[in-house]
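Chains, contacts and geometry: an overview
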Amino acid sequence: MVSELGGRPVTARQWELQAADEWLAYRRDTNSDSAHFCEAVTRLIVRAVGENVGAAKRVIAQLGLTLSRCDELDFKEFDQTLAYALWHEVDRYHRVTQALDMLFERGALPIAKPARRLQMLEVGSGPAPAGYATVDYFAALGAWTQRQTAGFHSSDSVEVHTLDRGPAWRQMIHRLSEELLLVARSGAERPYVRRDRFFDVTYNDLRGFNPRELHNQTRDRHLDRMLESTWAEDGDGFVDFDAWFAVSDRQVAKALAAKAAPPSAYDLIVVANFITNEEMLQMLKPDVEVLARSLVPGGVLLILSAPGAKYTQIWEHIRELARRARLEQVVDEVVGAHREPATHALVASATINALRHLERLVPNAWTAAELPDAVRAEVVSALSVPASAPIEEAAARFGPYPHFQVHAFKRGHRAISLKERKRFSLRKATQR
Ligand SMILES: C[S@@+](CC[C@H](N)C(=O)[O-])C[C@H]1O[C@@H](n2cnc3c(N)ncnc32)[C@H](O)[C@@H]1O
């Protein structure tokens, strides 16, 4: 993508590098979205449990498992997804926002033109923290760039596709998106309108998932349906005008059918806290390879995980897969989560507010809950702060959040074949 800055053409990369400081300062100053998101997550948990002591006990029973053994869980029960969301949803939303900032700072954030929606896929999505974070990020970025007289104008719209095999995530995403709509309606007016809510899990299993095949199959089905009636009339062997029109309109029909089909490639694919052991990687290797080849030019595969020697082997394999797909590694960094005190307070408060509701229904449940000792101590300490005190006081009882590792691989020029380049320039020429 090329635009102009001071009369000179600049690429998206150059623009991001130049605009990064200004954009990041603006985003941090005016970011009311994350507060809305936290509120919606707490409201969802509080409302789902209601005044039901049995429901509260069921969620409490899942708190230990969802904290330390979540890669072994099947997420068939809604209570399990609620416990997961209580610890992780707001935390992961902010980690993804941090990672998107890192991409911008390095000139590697994928940008779509305002007329197009950025296509995003979240793999092993769970409660879709990356999807929600990306929608909010681009809504703000799009609105900010619209106000700039020079430089890039970015799309403010993201189409989110989620992929997860846990059956209860569907209900979680639906209810969370509803809460977000309610929070947006009741809150103060915002400088931009969010249009991109999603309410479902789009795909279920990563094994065998192939966006290009899905795209082609759906496109061909649409095409057959569009041309069906004409072919039926055409069966008598006579040359008739319908058949002639069908052939000449085939290109148009094909373009329409391709538009109606799901994307064959994405601008952004996020895989967060998903591939956590060697065995899982071996099983999913061909599918991860497909993901690495399912990016549009300029698209990014963003992978977030815990850091540490335990994962070194896994990362070697993933780097190799990315190399084979000719992707360029643009980020490889370990960062501290929520280092800014305001973000730490926001993330911790969301968990504490939900815990307070459970504590009211089941007093002192934490002594029996299977939590790691350090976590139990923080929970008990935070809950001992009276609700009448500022929430920051309780949040300060939670220690710093752990570091996490950000890997990003970009599909740059190296990964675009000559044949593809010809196809793009042909498409551009016909769009003019
Ligand atoms: C630890 S959760 C991560 C959720 C979310 N990405 C986050 O960062 O909070 C891992 C998710 O991967 C899903 N999962 C595991 N294997 C899968 C597979 N083969 N296909 C699709 N989803 C899978 C699980 O159901 C679970 O929801």
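Residues numbered from 1 in each chain as written. Predicted model: local features only at pLDDT ≥ 70, side-chain atom pairs only at ≥ 80, totals over all residues. Heavy atoms only, no water.

1. Topic: the overall build of the protein
For the protein, the count of helices and strands is 14 helices and eight strands. Scored against the burial criterion, the 432 residues of the protein give a buried share of 52%. A fraction of 82% describes how many contacts in the protein between residues 6 or more apart in sequence connect residues 24 or more apart. Surface summary for the protein: the accessible area is close to 21,000 Å², and the carbon and sulfur share equals 53%. (Helix = DSSP H or I, 4+ residues; strand = E, 2+ residues; numbered from the N terminus. Buried < 20%, exposed > 50% of the residue type's maximum accessible area, 1.4 Å probe, protein only. Contact = heavy atoms within 4.5 Å. Areas by Shrake-Rupley, 256 points an atom, 1.4 Å probe, with all protein chains shown as cover.)

2. A closer look at the packing of aromatic side chains
Geometrically, a pair of aromatic rings is defined through the distance of the ring centres and the angle of the planes. This model, assessed by the stated rule, comprises 15 aromatic pairs. Taking the centre distance of 5.5 Å and the plane angle of 45 degrees together, the rings of Phe37 and Tyr132 count as tilted. Pair noted here: Phe37 is in helix H2 (residues 33-49) and Tyr132 is in helix H5 (residues 129-147), with a separation of 95 residues, a long-range link. Here Phe37 falls in the buried class, since its relative accessible area comes to 1%. Within the aromatic cluster, the residues linked to one another by ring pairs are Trp15, Trp23, Tyr26, Phe104, Tyr137, Phe138, Trp144 and Phe152. (Phe/Tyr/Trp six-rings, centres within 6.5 Å; stacked < 30°, edge-to-face > 60°.)

3. With respect to the site of the ligand
Surveying the vicinity of the ligand reveals 20 residues, the closest of which are Tyr84, Gly124, Asp164, Ala272 and Asn273. A distance of 3.3 Å separates a nitrogen atom of the ligand from a polar backbone atom of Arg165. Within the contact set of the ligand, an oxygen atom lies 3.0 Å away from a side-chain nitrogen or oxygen of Trp169. Compared with its free state, where it exposes 600 Å², the ligand has 96% of that area covered by protein. Taken together, the residues that form the shell around the ligand break down as ten nonpolar, six polar and four charged. (Near = heavy atom within 4 Å. Polar contact = N/O pair within 3.5 Å; in protein donor to acceptor, adjacent residues only side chain to side chain. Nonpolar A, V, L, I, M, F, W, Y, C, P; charged D, E, K, R; others polar.)

4. Comments concerning the sheet that holds strand E6 (residues 295-305)
Strands sit in the order E4-E3-E5-E6-E8-E7 across an open sheet of six strands; the sheet is mixed. Every interior strand has two partners, whereas the edge strands, strand E4 (158-163) and strand E7 (328-336), have only one. Looking at each pair of strands side by side, their axes are set apart by 15 degrees on average, direction ignored. Pairing geometry for strand E3 (residues 118-123) and E4, over six bridges, is parallel. Following the sheet pairing, Met120 is matched in E4 by Val160. Contacting E3, E4 and strand E5 (266-272), H5 crosses the sheet at an angle of about 160 degrees to E3. (Pairing = 2+ DSSP bridges. Axes fitted to C-alpha atoms, helices over the stretch in contact; angles between N-to-C directions.)

5. Some points on the pattern of salt bridges
For the structure on display, the rule yields 26 salt bridges. Ionic pairing is found between Arg95 and Asp91, a salt bridge with its closest N-O pair at 3.0 Å. One end of the pair, Arg95, and the other, Asp91, are both in helix H4 (residues 78-105), four residues apart, so they sit about a helical turn from each other. In terms of burial, Arg95 and Asp91 fall into one category: buried. (Salt bridge = Lys/Arg side-chain N within 4 Å of Asp/Glu carboxyl O.)

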